[in-house]
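# Reading the structure
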Amino acid sequence: MLSMTIDGKPVDTIDAFDVVNPATGQVEAQAPECAPEQLDRAMASAQTAFGEWRRDDDARRTAMHALADAVDARQGELTELLVQETGKPLGVAAGEVASAAPWIRYYADLEWPRRVVQDDPSALIEVEHRPLGVVAAITPWNGPVGMWSWKIAPALRGGNTVVLKPSPFTPLATLLLGEIGAEVLPPGVINVVTGGDELGKAMTAHPTPRKVSFTGSIGAGRSVAVNAAQDLKRVTLELGGNDAAIVLDDADLERTVGTLFAFSMFNCGQICCIPKRIFVPSGRYEEFVEAFGVAARSLVVGDPMDPATGMGPLTTRPQYERVSALVDDAISSGARVVAGGKALDGDGYFFGATVLADVAEGVRIVDEEQFGPAVPLLRYDTVEEAVQRANATCYGLSGSVWSADEDRARGIAGQLECGTAWVNCHALLPSHAPFSGAKHSGLGVANGEDGLRSFTEQQVVHTARA
Ligand code: NAD
């Protein structure tokens with residue numbers, strides 16, 4: 001069994017929990033269950049390490065490059081664990097693992113944010129950024145390695161130390177990342193603990209961290225915010241989305257359907273910021289429905305280790321049951337099944353790539369985040385109506401507009417109430433672009449320079465000269 005990492009050392013536990021391979025539905029590994037006193041030790045270790053780690057930015061940058069190299073050197077093992085615990089197709093898992101080191105290098109090389117707001121004979125006023133302290137980082141099961149890098153890279157560069165907990169559904173690759181981190185970083189700079197939701201609650205209520213960086217569901221995000229409020233920890237919440245994609249009447253059929261469909265099914269539909277409600281103009285509705293159906297029927301669903309596979313299983317049993325229930329509910333509400341529509345026979349949490357037509361608001365799969373391989377196509381008459389319906393939700397993570405006329409599409413994108421609005425693409429997340437959720441989809445900003453700033457405390461240094 002892989003060990004937790006506390007204070008730079010592998011730590012075993014008395015208790016353990018099962019980890020299921022979603023492609024087989026079988027328990028294939030176990031992970032350590034962190035005891036309360038072990039969490040206290042992890043926090044204490046991170047607090048001690050902070051004293052030195054915060055001091056020397058050049059040393060941090062060097063250490064982060066060493067970490068990136070160490071992660072790259074173990075890509076094969078990390079990918080294998082990631083496939084085993086998430087069911088991602090091999091190529092998708094390898095891509096996620098390959099993205100981790102560049103993310104760390106981006107932050108290692110980023111210029112430290114510093115502003116001068118006044119520099120004249122009367123005063124020098126500088127806006128500086130100071131480390132916060134210990135960061136409690138909590139990740140979801142849909143992208144454990146990617147989310148690890150999204151959190152630790154800006155946290156470490158910001159001069160903070162970290163106690164990180166992955167989802168209990170997918171702890172394995174993150175445990176290995178804990179070991180890798182311990183080989184190249186000073187003890188206590190990154191601690192990895194594993195356990196269930198209660199451990200997450202204990203981390204957010206713990207008196208040591210000065211920031212919580214959380215990615216997960218809106219419900220859990222609320223609980224994190226409440227716990228963090230007790231001692232006013234800084235909070236970044238990256239939460240769920242129910243992204244609208246609005247296709248305009250002049251959109252190119254092949255390009256639009258090809259890209260939208262690929263994103264809506266990426267990672268078996270289990271990505272926060274992919275198209276989850278696709279609005280199509282009435283005049284082109286049947287044409288798009290048919291093209292989506294063709295795309296869905298050509299997607300190979302199966303063994304994640306088979307290179308021919310385009311989509312693996314859902315990652316968890318609860319998610320498999322939820323997606324099944326949402327699709328059944330849509331069908332019983334009158335939705336037309338264009339492709340898929342049901343779970344696949346056999347072991348594992350496989351579900352057919354599903355496209356639903358003649359479905360609209362008031363049906364759960366439209367109103368709620370499905371987080372699975374089932375996408376509804378919604379018919380609209382006017383662009384104003386499509387925008388109004390796209391915005392009529394508590395979600396506000398991201399969205400997209402598709403058109404041959406870039407300027408027209410950008411104008412409409414600007415009307416979407418969401419943190420990122422894409423034009424003729426969706427779910428593209430470069431490390432230098434800030435990422436945030438509007439409304440209930442989040443709080444604070446991740447990624448880019450804004451993401452680094454969010455792992456710091458601002459300090460104004462005001463020097464009077466006259
Ligand atoms: P989840 O909220 O159930 O769990 C996420 C993590 O939080 C896990 O590690 C879990 O153990 C922990 N946790 C659960 N309850 C907690 C609590 N009360 N206090 C502290 N920690 C707690 O989410 P999930 O099912 O793992 O992930 C799926 C959700 O995550 C989807 O809604 C998806 O949209 C969202 N997500 C958002 C982003 C983003 O960047 N906005 C990225 C990926 C996933």
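Residues numbered from 1 in each chain as written. Predicted model: local features only at pLDDT ≥ 70, side-chain atom pairs only at ≥ 80, totals over all residues. Heavy atoms only, no water.

Stated formally: UniProt positions are given in the numbering used here, feature names are shortened, and annotations may be inferred rather than shown by experiment.
Within an unreviewed UniProt entry, the label attached to the protein chain reads Aldehyde dehydrogenase family protein, and the organism entered is Nocardioides humi. Database annotation for the protein chain, UniProt heading Sequence similarities (unreviewed entry): "Belongs to the aldehyde dehydrogenase family."

### What about the domain arrangement of the protein chain?
Put simply, the rule reads: For the purposes of this description, domain bounds are those given by an automatic or database domain assignment. Here, two residues are considered to be in contact whenever any of their heavy atoms come within 4.5 Å of each other. The quantity reported as buried area is the accessible area (1.4 Å probe) lost by two parts once they are put together, taken as the sum for both. N or O atoms within 3.5 Å of each other form a polar contact, as long as, within protein, one can give a hydrogen and the other can take it, and as long as residues adjacent in sequence are counted only when both atoms are side-chain atoms. Nonpolar residues are Ala, Val, Leu, Ile, Met, Phe, Trp, Tyr, Cys and Pro. Charged residues are Asp, Glu, Lys and Arg, and all others, Gly as well, are polar.
Each domain of the protein chain was delimited in the assignment, giving domain 1 (4-238) and domain 2 (244-430). The distance between the C-alpha centroids of domain 1 and domain 2 comes to 31 Å. At the junction of the two partners, domain 1 supplies 20 residues and domain 2 supplies 25 residues. Carbon and sulfur atoms supply 70% of the area buried between domain 1 and domain 2, which totals about 1700 Å² over both sides. The interface formed by domain 1 and domain 2 holds six residue pairs in polar contact (both at pLDDT 80 or more) in total. Considering only residue class, the side of domain 1 that touches domain 2 consists of 12 nonpolar, six polar and two charged.

### Some details on the packing of helix 3 (residues 75-86) against helix 6 (residues 172-184)
Helix-helix packing is described using two parameters, namely the angle between the two axes and the distance between the axes. Stated precisely, the cut-off is as follows: Axis geometry follows a simple rule: fit a line to the C-alpha atoms, using only the stretch in contact for helices, then measure angles between N-to-C directions, giving values from 0 to 180 degrees. Working definition: helices are DSSP H or I runs of at least four residues, strands are E runs of at least two. Numbering for both runs from the N terminus. Reported orientations rely on four angle classes, namely roughly parallel under 35 degrees, roughly antiparallel over 145, roughly perpendicular from 65 to 115, and oblique for the rest.
Following both chains from N to C, one finds helix 3 and helix 6 inclined at 155°, their axes separated by 8 Å at the closest point. The orientation of helix 3 relative to helix 6 falls into the category roughly antiparallel. Contact with helix 3, carried on its side by Glu77, Leu78, Leu81, Leu82, Gln84 and Glu85, involves Leu172, Ala173, Leu176, Leu177 and Ile180 of helix 6 and no other residues of that element. The class makeup of the residues in the contact of helix 3 with helix 6 is eight nonpolar, one polar and two charged.

### Concerning helix 4 (residues 90-109)
Note the following rule: To estimate the expected span of a helix, subtract one from its residue number and multiply by 1.5 Å. Note on exposure labels: buried denotes an accessible area under 20% of the residue type's maximum, exposed denotes more than 50%, and partly exposed covers the range between, all computed with a 1.4 Å probe on protein chains only.
Compared with the 28 Å implied by 1.5 Å per residue over 20 residues, the 30 Å span of helix 4 between its first and last C-alpha is a close match. Looking only at helix 4, the buried set comprises Ala93, Glu96, Val97, Ala100, Ala101, Trp103, Ile104, Tyr106, Tyr107 and Ala108. Taken together, the buried residues of helix 4 touch helix 2 (57-73), helix 3, helix 5 (144-157) and helix 15 (448-453).

### Considering the environment of serine 441
On the secondary structure map, serine 441 appears in the loop between strand 19 (435-436) and strand 20 (442-443). Serine 441 gets classed as buried once you look at its relative accessible area, which sits at 1%. Placed 19 residues apart in sequence, serine 441 and tryptophan 422 show a C-alpha to C-alpha distance of 17 Å. Not counting chain neighbours up to four residues away, the residues in contact with serine 441 comprise Leu237, Glu238, Leu239, Gly240, Gly241, Cys394, Tyr395, Gly396 and Leu397. Of the polar contacts made by the side chain of serine 441, one reaches the backbone oxygen of glycine 240; its length is 2.6 Å.

### Section: the pairing of strand 18 (residues 420-423)
Basically, it comes down to this: We call two strands paired when DSSP finds no fewer than two bridges between them. A clockwise course of the path from the first strand over the helix to the second, judged with the strands pointing away from the viewer, identifies a crossover as right-handed.
Taking every second residue as pointing to the same face, the buried face of strand 18 carries Thr420 and Trp422, while none of Ala421 and Val423 on the other face is buried. In this sheet, strand 18 lies alongside strand 17 (residues 398-402) in parallel orientation, the contact comprising four bridges. Note that in strand 18 the partner of glycine 399 across the bridge is alanine 421. Of the crossover connections in this fold, the one passing from strand 17 over helix 14 (residues 406-413) to the parallel strand 18 is right-handed.

### Remarks on the UniProt feature "active site" (unreviewed entry) in the protein chain
The residues that UniProt annotates with the feature "active site" (unreviewed entry) are Glu238. Secondary-structure assignment places glutamate 238 in strand 11 (residues 234-238). Beyond its immediate sequence surroundings of up to four residues, glutamate 238 is in contact with Met147, Trp150, Lys151, Phe214, Thr215, Gly216, Ser441 and Ala446.

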